[in-house]
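Below are the chains, spelled out letter by letter.
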Amino acid sequence: MPRASGFSARLGDRVEGNAAQQPSTPHPLAGGPPFPQAGQGLRPRHSSAPPSDCPASGLRSPVCDLADLVARFSLGWLAAANLAGLLLAALLLWPELNDALAPLTYGRWMPLHHNAQLYGWCALPLVGLLLRVFLVPGRAANRHTLVVLAAWSAALLLGAVSWLGGGASGKLFLDWTGAARIGFSLALTALWAVLAHHAFRRLAGENSFGFRVSSFGSAHAAPAAALRPQSSVFSLQPSPTLLRFALIAGLLLVPTMMYFSAGPNLFPPVNPNSGGATGVSLYGSTLGLLLVFAAMPWMVALPLQPGARRSRLTWPILIAALSVFATANHGHGSHHDRDQIITLGLLFLAPPLLARDWRRFVWRPEARGWLVAALVWGALLVADGWITFLPGFSERLKFTNALVAHSHLAMAGLITSVNMVFLLHLGDSSRVQSALGARTPFWLWQLAAALHIALLLALGWREGAAPALVLGGGDTTRLFYLVRLLAGAAMTVASLWWLTASFRNRTSDLLAGAAANRLGP
Amino acid sequence: MKAPSPSCPLPGIVAIAATYVFFLLFAEFALLHLMEARASSPGALRLGLVWLGGGGVLGSLLAARFAGRSPASAITLGFLTCGAAAVLAASLPGRIPLEAVAALTGLGLGWLTVNVAGNLHRLFAGAPLGLCTGAGTGLAYAFCNVPAVFTTSPTGHAWISAGACALGVLASSLLAALEPVAAGPPSSAAGARSPFWMLLAACTALVWLDSAAFLLIQERPELRALTWATSGQLWTNAAVHLAAALLGGWLLDRGLLRLVLTLAGAGLLVASFTLAHGGPAATRWHLLYPVGVSLYSTALVALPALTRRPPGGVGARARAAWLYILAGWIGSALGIGMALDQRTIPDGFLLAAGVALAVMLLGSLRGRSVAASAGLVLLCLPAPRSGAADRADPTDASTIAAGRAVYIAEGCIHCHSQFVRPGTNDELLWGPSRPLAEMLKEEPPLPGNRRQGPDLQNVGNRRSPDWNRLHLQAPRTLAPGSAMPRYAHLFRSADPRGEALVAYLASLGSDTTEARARQIADWTPPTVTDNSERGAKLFGPLCASCHGDDARGRGPLAAKLALPPADLVSGPRPRTTRDTAALTHAALARVIRFGIPGTAMAGHETLSDADVAALSAFVGGLKLRTAAEVQQASSGAP
């Protein structure tokens, strides 16, 4: 039985023993017993017998495990995005290669790299998380998981064809146009339909709608109790169905909003002095990510550490953070405006708060390294983002390779680390645990990402003072780009390793190798 | 379970008609007009649409979840909610946010439609379900096309819709007197031979098509004139709608659900194609649009009742909910979005929709599955791009627009910004800044976020079309060390993209020429340094491709330029007629740094002051040298 990992103040420590023996608190979104019992995963952990919902023939089928499927699709897109990134790095170093590839030149590959990272690698683990919360275990769940992931990937493939074929929208972050735009909205709709279908199935199995009547004596008392300031939704024990239903209603807006937002006549607020995002926009988008990070332990039903309590600060902090966003200036704020700087600076509070919150849960041992990495990258990201936003620094670093460094800090650093944690907690796949818990690719990725980011940051700093350094493509720049290419190659190797490992059979060799090569002490 | 007993179908017909009148006049027309009139930006109207759709989906979900003991009460509640929304919009203009009205409208309509369609067996127990549904649908469409109704103001539409809801309440009160009947699908449930999801997909395609065609007609005055401009046209439309709906209902009663949907699809496809392309065909075929709309609208209401509940499947109300969420709300959102985005209905979409509909409605189950997939793939093929720009007139707006499309398609934004930061060194490097509001008028704005190459906001007054053309075809001959890809393939014969791109680049900054000239004049040149050796080294990579190694204006690219490069050894130099040493140096430094606007002489904006001074010193001294000496110096030979 693998040990459950405590991500506590003692980062080196772990909680020993079976967490089934520990006091654990199921949360409303968790339909089943919490990790590390069978959990909401589609098959019991460490079970040699097929689970009830997955017949013997199905167990051997790759369709039988949410974690396996999501990991394969996600890691597939990570590898694809990295390969495209590698090509881009080579094209910068040897621009003549573009001649051989024309018309598939640098500008056509960029959106593929960018969007495969954003909508493939970054998004699919979150899709997996939603499926984990909503799916009613069974054969249909496996089939629906495959349908959703395939539809999502088909939309991305369509996008890839579109971008490489010159079908770009001109928007950097919502680069969906024409048929690809429709395809992506349909994929989102398919996801929503599957989630709604399973939510309805749960509804059909419940006698009450909304709050659990037994807790309060009457269904009408519950909403009133929810308004009590000292209460939290979770402590009220509302019906999981209600939360799912609320989430479903909210998610319904996503396909339509995504479709309209990708249109050419909608554009986010712009910093009039830099041409980039405003401080409030950056704060808002980061806050959204932080909410997902903070909700993740609840969504996958992680048990609490022995003696850990529910945080009384969670809701006040959340409300305060959202209030700041709601009341901030959402117009075209400049980085010279004090309120924009202060608002963005509030994100400095996030890493320690998140660390404090995450410490209360029992994590898988394979996730510990990724958790630490996520917090380190997160802290660096906040610092880098804020400093880059400051007057003087913005003028020097905006439009340079330092901005590329910041993007990689976010994607290769923070998001990748968090996503690995997500993937490790979607189910009980030994393949995923072996793949993502391996030490060598972990360190290969982390070190290569650090080198990559440091190089680009240094080059950006120099480039900001002397644009000719990059525009003229001198030897110094070429040296930077060469080392960056090597770092990118190392990251690509790591991602391909994870991808292939996620397909490997559970041979004794692999297990033995993984056991000897597991993250953690 | 009681067998259906014959009863008066009139209340049911009125309920359907009132629901459709509310939908057509208020939700689809008056509310949008009122929101548009009060919207401060295009985004506000879209936000209202999102509220409407969100409310609709929520209403449908709630209706599917809460059965209620009395269907009549549920229908009454729906009419009351809808009526309240219409009254609020009509009586309190400006006092209540229309987003709230939109949400309420969606909520009420979602609830109402699911409850009406989900209880059709009760409404028409013992009566011909299809024909009654067709009568309700057709009467509503016909009523809305009556000229006096059609041409009234949005507020008038809101009041009429409120009246329809009152009538609906009255009808549902009569329904309450009827004995509830639990009935299975009628013998005409031929749709059961098709899986519900397939019919759902077909309906989604039809609503998508209808919404796109509707918006297209609304947006284009010439199409409006063709379809619903005169009283005669409106009366014709009313008659066609009623006849088609009754025909559809009659066919439904004979178990021909798939035929109805097929006819509707064919009508909508032909009408959409001819409307999208205009011309005489549109005049001939536009009436197929009301035919298709009425046919599928009738089927849409009857479908949940006409499909059997599969083993383990959902009931009529849940089927109705899925139908109106996916086909109704999401299908129409996709149609409206497509028409707004593309400003037309792409032929590729029509083809894909046609293939998908044909096979889903006509083929075998396996064939339908395969074809549905094929249709999806077809649908996903990139839309043909309208990039054909004439080379004739580079100032032509359509050529410039086509060039902008090429700029976007080739991903130029990933290396080039178009944003000069005000008050920074950017202005000296890349020209004057411009107000943010101007940039935001573009669709989409292209500020970019990376400068792997220079900023292009004012490239039109920094680089001539000649220079850009050469640079796009062979970048490193003009800019050594540049990471820019070659785009020679855009200039191959019969490919207009290259010239369009050149025209677009020439247009950037065309309005800042004077401001740029002032910047150049205000620039203080660096002091003269006696570093002509450094200047000689720079001359080779930066100048020789045009001016030649011997500086005689005979470089390898010279023949490709409209104006031959200057002979720097013996020829006259532009802008340096007063040949005093200081003025020569200052003028040369400006030319080296900023180029000569209107000629192929490009500036070297990122050169350091020291390098500008060195190059200026070298070029300034060329007149004193022989060609051989110049060649020797620039090649670095001893």
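Predicted model, so just to flag it, every value in this text is computed and none were measured.

**Quick word on the overall build of chain A**
No. 1: If you tally the helices and strands in chain A, you get 23 helices and two strands.
No. 2: Split into buried and exposed, the 521 residues of chain A put 57% on the buried side.
No. 3: When contacts within chain A are restricted to residue pairs at least 6 apart in sequence, long-range pairs at least 24 apart make up 81% of them.
No. 4: With the model as given, the accessible surface of chain A reaches about 19,600 Å², and the carbon-plus-sulfur share is 67%.

**What to know about the interface of chain A and chain B**
No. 1: Taken together, the 74 residues of chain A in the interface contact 71 residues of chain B.
No. 2: Approximately 6,100 Å² of surface area, both sides summed, lies buried where chain A meets chain B, with 69% of it carried by carbon and sulfur atoms.
No. 3: Considering only the surface of chain A that becomes buried against chain B, Phe260, Phe399 and Leu471 of chain A emerge as the three largest contributors, covering 12% of it.
No. 4: Two residues, Asp99 of chain A and Arg486 of chain B, come together in a salt bridge whose shortest N-O distance is 3.7 Å.
No. 5: Applying the counting rule to chain A against chain B returns nine residue pairs in polar contact (both at pLDDT 80 or more).
No. 6: Looking at the side of chain A that touches chain B element by element, the count peaks at 13 residues for helix H7 (residues 178-204) of chain A.
No. 7: A breakdown of the residues in the side of chain A that touches chain B according to their chemical character gives 41 nonpolar, 24 polar and nine charged.

**As for the pattern of salt bridges**
All names here are of chain B.
No. 1: Under the defined criterion, the tally for this structure stands at 21 salt bridges over all chains.
No. 2: Here Asp466 ties to Arg469 by a salt bridge, and the two come within 3.4 Å at their closest N and O atoms. Of the two residues, Asp466 and Arg469 both sit in helix H21 (residues 465-473), three residues apart, roughly one turn of that helix.
No. 3: Judged by relative accessible area, Asp466 falls into the buried class, the value being 17%.

**Topic: unusual backbone geometry**
No. 1: Going from Ala102 of chain A to Pro103 of chain A, the amide bond is cis rather than trans, its omega being 10°.
No. 2: Looking at where Pro103 of chain A falls in the secondary structure, it is placed in the loop between helix H3 (97-101) and helix H4 (106-122).
No. 3: In this model, Glu443 of chain B is joined to Pro444 of chain B through a cis peptide bond whose omega is -10°.
No. 4: By the secondary structure assignment, Pro444 of chain B is in the loop between helix H20 (436-440) and H21.
No. 5: Look at Phe399 of chain A: it is not a glycine, yet its phi comes out positive at around 75°.
No. 6: The phi angle at Ala551 of chain B is positive, at roughly 65°, despite the residue not being glycine.
No. 7: Note on placement: Ala551 of chain B falls in the loop between helix H25 (532-547) and helix H26 (581-594).
No. 8: Note on Ala551 of chain B: relative accessible area 0%, which makes it buried.

**Examining the packing of aromatic side chains**
No. 1: In this structure the tally under the stated criterion is 26 aromatic pairs over all chains.
No. 2: With a centroid separation of 5.5 Å and 80° between ring planes, the pair formed by Phe348 of chain A and Trp386 of chain A is classed as edge-to-face. One end of the pair, Phe348 of chain A, is in the loop between helix H14 (338-345) and helix H15 (350-358); the other, Trp386 of chain A, is in helix H16 (residues 368-389), with 38 residues separating them in the sequence.
No. 3: A relative accessible area of 36% means that Phe348 of chain A is categorised as partly exposed.
No. 4: The exposure class of Trp386 of chain A is partly exposed, given its relative accessible area of 25%.
No. 5: Each ring, one from Phe22 of chain B and one from Phe26 of chain B, has its centre 5.3 Å from the other, and the planes form 35°; the classification is tilted. With Phe22 of chain B and Phe26 of chain B both in helix H1 (residues 10-38) and four residues apart, the pair spans about one turn of that helix.

**Things to note about the side chain of Asn419 of chain A**
All names here are of chain A.
No. 1: With respect to the helices and strands, Asn419 occurs in helix H18 (residues 401-424).
No. 2: Looking at Asn419, the relative accessible area reads 3%, which means it is buried.
No. 3: Here Trp121 takes part through its backbone oxygen, which lies 2.9 Å from a polar atom of the side chain of Asn419.

**Quick word on the confidence of the model for chain B**
Residue and element names in this part refer to chain B.
No. 1: When pLDDT is averaged along chain B, the result is 79; 82% of the residues meet or exceed 70.
No. 2: Here helix H17 (residues 365-380) stands out as the element of chain B with the lowest mean pLDDT, 51, in contrast to helix H6 (residues 129-144), whose mean of 92 is the highest.
No. 3: Within the model, pLDDT remains below 50 along residues 1-6, and this stretch shows 13 contacts once partners closer than five positions in the same chain are excluded.
No. 4: Note that residues 187-192 has pLDDT below 50 and, in this model, 15 contacts with residues that lie over four places away or in other chains.
No. 5: Note on the complex model: pTM 0.65, ipTM 0.81.

Cut-off values and rules
Residues numbered from 1 in each chain as written. Chains lettered and ligands numbered in written order. Predicted model: local features only at pLDDT ≥ 70, side-chain atom pairs only at ≥ 80, totals over all residues. Heavy atoms only, no water. Helix = DSSP H or I, 4+ residues; strand = E, 2+ residues; numbered from the N terminus. Buried < 20%, exposed > 50% of the residue type's maximum accessible area, 1.4 Å probe, protein only. Contact = heavy atoms within 4.5 Å. Areas by Shrake-Rupley, 256 points an atom, 1.4 Å probe, with all protein chains shown as cover. Buried area = accessible area lost by both parts, 1.4 Å probe. Salt bridge = Lys/Arg side-chain N within 4 Å of Asp/Glu carboxyl O. Polar contact = N/O pair within 3.5 Å; in protein donor to acceptor, adjacent residues only side chain to side chain. Nonpolar A, V, L, I, M, F, W, Y, C, P; charged D, E, K, R; others polar. Phe/Tyr/Trp six-rings, centres within 6.5 Å; stacked < 30°, edge-to-face > 60°. pLDDT = per-residue confidence, 0-100.

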